[in-house]
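What follows is each chain in one-letter form.
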Amino acid sequence: MAKEVPLKFRTLFLSDVHLGSKVAKAEFLLDFLKHHDAETIYLVGDIVDGWRLRRAWHWPQSHNDVVQKLLRKARKGARIIYIAGNHDEFLRPFQGTHFGGI
């Protein structure tokens, strides 16, 4: 069976993922990231849901898997840019800092 080659794009924009909340669809995002590559990936707001995490900690393995997949894409050369939204405003002080290629 031939290995499936991901679709390649110049830019992808991802927003409102809400990792850390029970409503996050991490498995769907993992499948999307498996089948799509890009030179640049913009993570545009509310990737992590700090509001939910403050109330109750919810971080299943699938949320770690999303983070690991993005880090792997960065290691393979994708430019990943994180722009904090209102739910992940706690990350704003870190904008401009590089974490594992993000």
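Small disclaimer: the values here were computed from a predicted structure and weren't measured.

Here is what the cut-offs are and how they apply
- Residues numbered from 1 in each chain as written.
- Predicted model: local features only at pLDDT ≥ 70, side-chain atom pairs only at ≥ 80, totals over all residues.
- Heavy atoms only, no water.
- Helix = DSSP H or I, 4+ residues; strand = E, 2+ residues; numbered from the N terminus.
- Buried < 20%, exposed > 50% of the residue type's maximum accessible area, 1.4 Å probe, protein only.
- Contact = heavy atoms within 4.5 Å.
- Areas by Shrake-Rupley, 256 points an atom, 1.4 Å probe, with all protein chains shown as cover.
- Lys, Arg positive; Asp, Glu negative; His and termini not counted.
- Salt bridge = Lys/Arg side-chain N within 4 Å of Asp/Glu carboxyl O.
- Expected span 1.5 Å × (residues − 1).

Undergrad: I would appreciate a short explanation of the overall build of the protein chain in the present structure.
TA: Looking only at helices and strands, one finds three helices and three strands in the protein chain. Expressed as a percentage of its 102 residues, the buried residues of the protein chain come to 37%. At a minimum sequence separation of 6, the contacts of the protein chain that also span at least 24 residues come to 83%. Of the roughly 6800 Å² of accessible surface on the protein chain, 57% is carried by carbon and sulfur atoms.

Undergrad: Please clarify how the side chain of Asp49 should be interpreted in this entry.
TA: Residue placement: Asp49 occurs in the loop between β2 (36–44) and α2 (50–55). Notably, Asp49 is buried but unbridged: the nearest opposite-charge side chain belongs to Arg52, and the N-O separation is 4.4 Å. Sequence-distant contacts of Asp49, that is, excluding residues within four places in its chain, are made with His18, Leu19, Ser21 and His87.

Undergrad: Hey, could you run me through helix α3 (residues 61–75) in this one?
TA: Each α-helix winds once per 3.6 residues, and so residues spaced three or four apart point in a common direction. Counted at 1.5 Å a residue, the expected span for α3 with its 15 residues is 21 Å, and the 21 Å between its end C-alpha atoms agrees. Those residues of α3 that fall on the buried side of the exposure criterion are Ser62, His63, Val66, Lys69, Leu70, Leu71, Lys73 and Ala74. With its phi angle positive at about 115°, Gly77 sits one or two positions after the end of α3.

Undergrad: Where do I start with unusual backbone geometry in this structure?
TA: Residues apart from glycine generally show negative phi values, whereas peptide bonds are mostly found in trans. Although it is not a glycine, Asp16 adopts a positive phi angle of roughly 55°. By secondary structure assignment, the location of Asp16 is in the loop between β1 (7–14) and α1 (26–35).

Undergrad: Which parts of the structure should I look at to understand the pattern of salt bridges?
TA: Opposite charge on two side chains permits pairing when their charged atoms draw close. Scanning the model with the defined rule gives one salt bridge in all. A salt bridge links Asp37 to Lys73; the nearest nitrogen and oxygen atoms lie 2.3 Å apart. With a gap of 36 residues between them, Asp37 in strand β2 and Lys73 in helix α3 connect regions that are remote in the sequence. With relative accessibility at 8%, the residue Lys73 sits in the buried group.

All quantities given are derived from atomic positions and should not be read as evidence of function.
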